[in-house]
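Listed here are the chains, written in short residue letters.
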Amino acid sequence: QVQLVESGGGLVQPGGSLRLSCAASGSTFSIYTMGWYRQAPGKQRELVATIPRSGSTNYADSVKGRFTISRNNAKNTVYLQMNNLKPEDTAVYYCKVDMYYDWKGDSHYWGQGTQVTVSS
């Protein structure tokens, strides 16, 4: 089992910045990909950014150039630096991890989410 705890959300003005953190615990040795997803009210959850152990990054087009995902494997933590925030970035942000293919438990795990609100 893997437990994920997100932090860093809050209220910020347009153009501002926030840094989200997601700390994993439990069977962290079997985590391959870590990432961030978000869900706004009335909308489906969407991918924001992912990063596997290799370090390759993947971003949604809507956040490219503004958001940066990184991870510290020693700390089992993934971060999302969000700059130049826009009102449309307002959503609950969820941390997600994907396990190695031969992991015998659940293939992925979700955090509880942290609210990000961008408003003047």
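Our subject is the structure listed above.
Reading the values: rules and limits
- Residues numbered from 1 in each chain as written.
- Predicted model: local features only at pLDDT ≥ 70, side-chain atom pairs only at ≥ 80, totals over all residues.
- Heavy atoms only, no water.
- Buried < 20%, exposed > 50% of the residue type's maximum accessible area, 1.4 Å probe, protein only.
- Helix = DSSP H or I, 4+ residues; strand = E, 2+ residues; numbered from the N terminus.
- Pairing = 2+ DSSP bridges.
- Polar contact = N/O pair within 3.5 Å; in protein donor to acceptor, adjacent residues only side chain to side chain.
- Contact = heavy atoms within 4.5 Å.

1. Thoughts on the pairing of strand β5 (residues 46–52)
On a regular strand, each side chain points to the face opposite its neighbour's, so the side chains alternate between the two faces of the sheet. Within β5, five of the seven residues are buried, which leaves it mostly tucked inside the rest of the structure. Both strand β4 (residues 31–39) and β5 contribute to a ladder of six bridges, which runs antiparallel. Its bridge partner being in β5, Gly 35 is matched across the sheet by Thr 50. Hairpin connection of β4 to β5: six residues between the antiparallel strands, including Gly 42 at a positive phi of 80 degrees. Connecting β5 to the next strand, strand β6 (residues 58–59), in antiparallel fashion are five residues, including Gly 55 with a positive phi near 100 degrees.

2. Let's talk about the environment of Leu 80
Mapped onto the elements, Leu 80 comes out in strand β8 (residues 77–82). According to the relative accessible area criterion, Leu 80 is buried, its value standing at 0%. As for Leu 80 and Ser 70, which are separated by ten residues in sequence, their C-alpha atoms are 6.6 Å apart.

3. Observations regarding unusual backbone geometry
The phi torsion at Asn 76 lies on the positive side, around 55 degrees, for a residue other than glycine. Its place among the elements puts Asn 76 in the loop between β7 (67–72) and β8.

4. Side note on the side chain of Thr 28
Positionally, Thr 28 belongs in the loop between β3 (18–26) and β4. In this structure the side chain of Thr 28 is engaged in a polar contact, spanning 3.3 Å, whose partner is the side chain of Asn 76. Once residues lying within four places of it in the same chain are set aside, the contact partners of Thr 28 are Arg 53 and Asn 76.

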